[in-house]
Amino acid sequence: MLKNSHLVAGEWNSRAPTFTSNPAHGFVQDFSVGTPELVDQAVKAAEEAFWSYGYSNRMDRARFLNQIADEIDARGDEITEIGTQETGLPEARLIGERGRTTGQLRMFASYIEKGDYLDVRQDEALPDRQPLPRSDLRLVQRPIGPVAVFGASNFPLAFSTAGGDTASALAAGCPVIVKGHEAHPGTAEIVAQAINAAIQACDLHPGVFSLVQGGSFDVGTCLVKHPLINAVGFTGSLQGGRALFDLCAARPNPIPFFGELGSINPMFILPVALSGRCEQIAAGWSGSLTMGAGQFCTNPGIAVVIDGPDADALAEKMAENLKQIAPQSMLTDGIADAYRAGTKRISSNESVQQLVGTSFTTREASPHLYACSGDDWLVNEELAEEVFGPMGMMIRAKDIQQMRDIALSLQGQLTCTLFIDESDHKTAKELLPILERKTGRILINGFPTGVEVCDAMVHGGPYPASTNFGATSVGSMAIRRFLRPVCYQDVPDDLLPMDLFAPNIVG
């Protein structure tokens, strides 16, 4: 049963005013709007919880993470039902995303049990060293304190209430306050119910997790600026994320802002690969481009090819494929409006040729495909701006040198892809050092949609792909965002954190 309210330190809080949900189908409901007062209550409760949770042992935190996963699975049908109503996403997608969400929680449970992330180091005392003795020095990673997480519009589960930011922060030992996204408040609440049940089952301080629903920009601002918040996790638009990033930097005590903001995820299709696998590449690109109505942060928005007959064949095959794809519901009216505005902006550019695209006035969006020359791309900065949705652009470079120039012109990306055959390796070696500086993940002969949750995954990159190029929001290394190294000098053993003596508690 939905309470249509906030969860603040174990208490369900419902108050006026309210906002009305905007589901793709199903019941419209009213939910309480967040306020600065609720944010303050939640953050102060999180700070109080940190004095116990931040110093708890890893076995207890692992049990908590696994319990959250179990509680989410127990509510699986309920989550799927309301999730499909609120977002318009198909049932199979929501079930898969729920599996990814619980998988992340269980992965971090296992990861913190192993203890490798603690990076324990010791330089033993050298009292007789000349000309000066050395103290006993020990280093271990410690949690930073309460963390704010902003729910994402395009992932109601995996990047929202109990998503990767929340899972990694809780694993580190940091209480979390989530600002729920207005696009899926019911889904957020049911997941919050699961987390609250896990808190009770594990007998934890209730301030370890709070959910504040909706609210104006002032609510998010209050959360980011609260002096007890130590870091912020965010997945969303460049404009919104940059505003929050600037707020974090302007605080009297600046804090890290881990934002994933935007990426066009370029693909460089080298000549031999394009000549030999045109249809195969077109089939994969059209499928990846339109998956989930193009509402993935790793959506492959551009393909760079050498101009000529093979480029013509790719354009023809892509147009044929995309025209067969039916309109798809976008997550919100706002996303649909932004997609409509983006395609209109690209269509009005005189240097761009439209290959596929039909206008629409509803939440149901159709794919668009454009083409331009390498010369025009390099002098039109607006062509490199992300259009969130199923829109692709072919860039026809005149030669390999111009393909290299296009790679050099790119801003930071989440992913960059090379399509190559063995005869393309020489050119690939020239491009790889450039792409390595532009992105967090390089793919060969694959499509970037679909982010594996595992130790080696990097989901981040140079700005504006993310605001901290040394971090990732997916994979086990995501926990590092919410830890800091502490060195203990000549501290007696009985006063040191237990993690310094037993970093591996399962081996």
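A separate point is the sheet that holds strand β21 (residues 483–489). Spatially, 3 strands are ordered β5-β6-β21 in an open sheet, and the strand pairing comes out antiparallel. Across the chains shown, the open sheet's two edge strands, defined by having one partner strand only, are β5 (121–123) and β21. Each neighbouring strand pair of the sheet contributes to a mean axis angle of 25°, computed without reference to strand direction. In terms of strand pairing, strand β6 (residues 137–143) meets β21 through 7 bridges, oriented antiparallel. The residue bridging Val-140 from the neighbouring strand is Val-486, located in β21.

With 18 residues, helix α1 (residues 36–53) should cover 26 Å at 1.5 Å per step; its first-to-last C-alpha distance of 25 Å lies within 8% of that length. Within α1, the full set of buried residues consists of Leu-38, Val-39, Ala-42, Val-43, Ala-45, Ala-46, Ala-49, Phe-50 and Tyr-53.

A word on the pattern of salt bridges. Tallied over the full model, the rule gives 22 salt bridges. Of the charged contacts, one joins Arg-93 and Glu-97 as a salt bridge, the two residues approaching to 3.1 Å between their closest N and O atoms. One end of the pair is Arg-93 and the other is Glu-97, both in helix α4 (residues 91–114) and 4 residues apart, which spans about a single turn. Per residue, the accessibility class of Arg-93 equals that of Glu-97, and both read buried.

A few words on the sheet that holds strand β12 (residues 267–269). Spatially, the 7 strands line up as an open sheet ordered β15-β17-β18-β13-β12-β19-β20, and their pairing is mixed. Strands with a single pairing partner mark the edges of an open sheet, and in this sheet they are β15 (353–356) and β20 (439–444). On average, adjacent strands in this sheet sit at an angle of 20° to one another, irrespective of strand direction. Bridging between strand β17 (residues 368–373) and strand β18 (residues 391–397) involves 6 bridges; their strand directions are parallel. Bridge pairing in β18 links Cys-372 to Ile-395. Those strands touched by helix α11 (residues 333–347) are β15, β17 and β18, and its axis lies near 30° from that of β17.

Taking burial as the measure, the 6 residues of β17 include 5 buried ones, the bulk of the element. Crossover handedness for the path β17 to helix α12 (residues 374–379) to β18: right-handed.

By the secondary structure assignment, Thr-161 is in the loop between β7 (147–150) and α5 (164–172). Not counting residues within four places of it along the chain, the set of residues in contact with Thr-161 comprises Thr-166, Val-178, Ala-188, Val-191, Ala-192, Ile-195 and Phe-209.

What follows covers unusual backbone geometry. Across the junction of Gln-130 and Pro-131, the peptide omega takes the value 10°, indicating a cis bond. Position of Pro-131 among the secondary structure elements: in the loop between β5 and β6. Cis peptide bonds are those with omega within 30 degrees of zero, and the linkage from Tyr-463 to Pro-464 qualifies with 10°. Along the polypeptide, Pro-464 turns up in the loop between β20 and β21. The phi dihedral of Asn-4 falls on the positive side, at around 55°, and the residue is not glycine. Residue position: Asn-4 is located in the segment before β1 (6–8). Asn-4 gets classed as buried once you look at its relative accessible area, which sits at 17%. Not every positive phi belongs to a glycine, and Ala-9 is a case in point at roughly 55°. Mapped onto the secondary structure, Ala-9 falls in the loop between β1 and β2 (11–13).

Right, let's talk about the environment of Pro-185 for a bit. Within the element layout of this structure, Pro-185 appears in helix α6 (residues 185–201). Residue Pro-185 is classed as buried on the basis of its relative accessible area of 0%. Pro-185 sits 126 residues away from Met-59 along the chain, and the two C-alpha atoms are 32 Å apart. Apart from the residues within four sequence positions on either side, Pro-185 is in contact with Phe-19, Ser-21, Phe-31, Glu-86 and Gln-213.

With that out of the way, let us pick up the packing of helix α2 (residues 58–74) against α6. Put simply, α2 and α6 touch, their axes get as near as 8 Å, and they point 135° apart. As the angle between them shows, α2 and α6 are arranged oblique. Between α2 and α6 the crossing geometry is right-handed. Between α2 and α6, the residues in contact are Arg-63, Phe-64, Gln-67, Ile-68, Glu-71 and Ile-72 and Val-191, Ala-194, Ile-195, Ala-197, Ala-198, Ile-199 and Ala-201, respectively.

Another aspect to go through is the nonpolar core. Core analysis: the biggest nonpolar cluster contains 92 residues, and Phe-64, Phe-209 and Met-393 have the highest contact counts within it. Here this core gets 8 residues from one element, more than from any other, and that element is α6. Ignoring any residue separated from it by four or fewer positions in sequence, one finds Met-393 in contact with Trp-285, Gly-301, Ile-302, Ala-303, Ile-346, Val-352, Leu-369, Tyr-370, Ala-371, Cys-372, Trp-377 and Leu-383. Of all hydrophobic cores here, the second largest spans 22 residues; its members include Ile-269, Ile-281, Val-356 and Phe-419.

Cut-offs applied
- Residues numbered from 1 in each chain as written.
- Predicted model: local features only at pLDDT ≥ 70, side-chain atom pairs only at ≥ 80, totals over all residues.
- Heavy atoms only, no water.
- Pairing = 2+ DSSP bridges.
- Helix = DSSP H or I, 4+ residues; strand = E, 2+ residues; numbered from the N terminus.
- Axes fitted to C-alpha atoms, helices over the stretch in contact; angles between N-to-C directions.
- Expected span 1.5 Å × (residues − 1).
- Buried < 20%, exposed > 50% of the residue type's maximum accessible area, 1.4 Å probe, protein only.
- Salt bridge = Lys/Arg side-chain N within 4 Å of Asp/Glu carboxyl O.
- Contact = heavy atoms within 4.5 Å.
- Right-handed = clockwise from strand over helix to strand, strands pointing away.
- Parallel < 35°, antiparallel > 145°, perpendicular 65-115°, else oblique.
- Left-handed = near helix turned anticlockwise from the far one by under 90°.
- Core = buried A, V, L, I, M, F, W, Y, C linked by side-chain atoms within 4.5 Å.

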